[in-house]
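Fold and contact review
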Amino acid sequence: MRHPRAVLAAALSVAAALAAVPAATTATAAAPPASGGTTASVPAAYSSYAAYAGSAEDARANKAFFEAVMKSVAEKRAATPGTQAVTVVYSAANAPSFRTQIARSTQIWNSSVRNVKLQEGGNPDFRYYEGNDSRGSYASTDGHGRGYIFLDYRQNQIYNSTRVTAHETGHVLGLPDHYSGPCSELMSGGGPGPSCQNAVPNTRERSRVDYLWRNGLAAALTPAS
């Protein structure tokens, strides 16, 4: 998520990148820490907006993350033919400080959409990590087909933590960033600034997620024309 000053440029770059990224994308973001430890030290002069301005998150990483999650879910469904409901499993073991926010985010998404559900459990499709990173919170892959969400301590102290977590989790379900959107739009992220407290996706975002996961993975796995 990024600084409001870069809102328009970020939105345009997201749209362009989504159109240009091929079906099989390798994420360029750094791999997550092996445990809940830190990945980088926060600079002493850390600005309240630095987390969004320097986020490692971008359209290419977001798309690669979604594809990694879909692949993991698809493999599980193939192993159990006939399964109707799509369940995406996560692990919060490496983000103990954010268990409350992750649980709340899961509740928000599960009550907002019908065609896919989030569930904590073993053999996860993606994992949450926590620590200090001057790039802020982001969603990406480890470069080996696994998805992860990194939650930055400093960013979650400045911005509504449940909104940050729900926003990053939105990438699990296939939603891109849209920094120029209003506070009522969850995927506008840091665009509206720290005063924004909304952590719930709007009607358009809910509809998009339900479309992507409709009829199992059919819509999500169908190449765009």
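Before any of the text, the structure's been laid out above.
A brief look at the structure comes next. Since this is a predicted model, take the numbers as computed values, not measurements. (Residues numbered from 1 in each chain as written. Predicted model: local features only at pLDDT ≥ 70, side-chain atom pairs only at ≥ 80, totals over all residues. Heavy atoms only, no water.)

Overview of the overall build of the protein chain
The number of helices and strands found in the protein chain is eight helices and five strands. Counting across all 225 residues of the protein chain, residues that qualify as buried make up 51%. Carbon and sulfur atoms provide 53% of the accessible area of the protein chain, an area that totals close to 9,900 Å². (Helix = DSSP H or I, 4+ residues; strand = E, 2+ residues; numbered from the N terminus. Buried < 20%, exposed > 50% of the residue type's maximum accessible area, 1.4 Å probe, protein only. Areas by Shrake-Rupley, 256 points an atom, 1.4 Å probe, with all protein chains shown as cover.)

Considering the environment of Gln119
Mapping Gln119 onto the fold places it in strand E2 (residues 117-120). A residue is classified by how much of its surface remains accessible, and Gln119, at 45% relative accessible area, is partly exposed. Not counting the four nearest positions on each side in its chain, Gln119 is found in contact with Thr87, Val88, Val89 and Tyr90. (Contact = heavy atoms within 4.5 Å.)

Focus: the sheet that holds strand E5 (residues 147-152)
Sheet strands pair via backbone hydrogen bonds, and the direction of the pair is either parallel or antiparallel. With respect to topology, five strands assemble into an open sheet ordered E2-E1-E3-E5-E4, the strand pairing being mixed. The outermost strands of the open sheet, each flanked by one partner alone, are E2 and strand E4 (138-141). On average, each strand axis in the sheet is inclined to that of its neighbour by 30 degrees, with strand direction left out of account. As paired elements, strand E3 (residues 126-131) and E5 share six bridges and run parallel to each other. The residue bridging Phe126 from the neighbouring strand is Gly147, located in E5. (Pairing = 2+ DSSP bridges. Axes fitted to C-alpha atoms, helices over the stretch in contact; angles between N-to-C directions.)

What about the packing of aromatic side chains?
By the definition in use, this model includes eight aromatic pairs. For the ring pair Tyr129 and Tyr148, a centre distance of 6.1 Å and an interplane angle of 85 degrees mean the geometry is edge-to-face. Here the residue Tyr129 occupies a position in strand E3, and Tyr148 occupies one in strand E5, the gap between them amounting to 19 residues. Plain terms: the ring middles of Tyr138 and Tyr148 are 6.0 Å apart, the flat faces sit at 75 degrees to each other, and that makes the pair edge-to-face. Highlighted residues: Tyr138 in strand E4 and Tyr148 in strand E5, separated in sequence by 10 residues. Judged on exposure class, the residue Tyr138 and its partner Tyr148 are both buried. (Phe/Tyr/Trp six-rings, centres within 6.5 Å; stacked < 30°, edge-to-face > 60°.)

Remarks on the nonpolar core
The nonpolar side chains of a soluble globular protein tend to be buried, and buried together. Of all hydrophobic cores here, the largest spans 33 residues; its most connected members are Val88, Trp109, Phe126, Val172 and Trp213. Those elements giving two or more residues to this core turn out to be helix H3 (59-79), strand E1 (87-94), helix H4 (99-112), E3, E5, helix H6 (161-172) and helix H7 (203-212). The biggest single contributor to this core is H3, with five residues. Setting aside anything within four residues of it in sequence, one finds Phe126 in contact with Phe65, Val69, Val88, Val89, Tyr90, Ser91, Leu118, Gly147, Tyr148, Ile149 and Val172. (Core = buried A, V, L, I, M, F, W, Y, C linked by side-chain atoms within 4.5 Å.)

Quick look at the pattern of salt bridges
One pass over the full model with this rule turns up three salt bridges. Across the salt bridge formed by Asp210 and Arg114, the nearest N and O atoms sit 3.7 Å from each other. One end of the pair, Asp210, is in helix H7; the other, Arg114, is in the loop between H4 and E2, and 96 residues separate them in sequence. Owing to a relative accessible area of 8%, Asp210 belongs among the buried residues under this scheme. A relative accessible area of 67% means that Arg114 is categorised as exposed. (Salt bridge = Lys/Arg side-chain N within 4 Å of Asp/Glu carboxyl O.)

As for the environment of Asp177
Residue position: Asp177 is located in the loop between H6 and H7. In this structure the C-alpha to C-alpha distance between Asp177 and Gly189, which are 12 residues apart in sequence, comes to 7.2 Å. A polar contact is formed between the side chain of Asp177 and the side chain of His167, at a distance of 2.7 Å. A distance of 3.2 Å separates polar atoms of two side chains, one belonging to Asp177 and the other to His171. (Polar contact = N/O pair within 3.5 Å; in protein donor to acceptor, adjacent residues only side chain to side chain.)

A word on H4
In this model, H4 (14 residues) spans 20 Å end to end at C-alpha, consistent with the 20 Å of a helix rising 1.5 Å per residue. The set of residues buried in H4 consists of Gln101, Ile102, Ser105, Thr106, Ile108, Trp109 and Ser112. Across the axial projection of H4, the buried residues extend over an arc of 160 degrees, all falling on one side. Counted as exposed and oriented over 90 degrees from the buried face of H4: Thr100 and Ser111. Residues of H4 that are buried make contact with E1, E2, E3, E5, H6 and H7. (Expected span 1.5 Å × (residues − 1). Arc of directions from axis to C-beta.)

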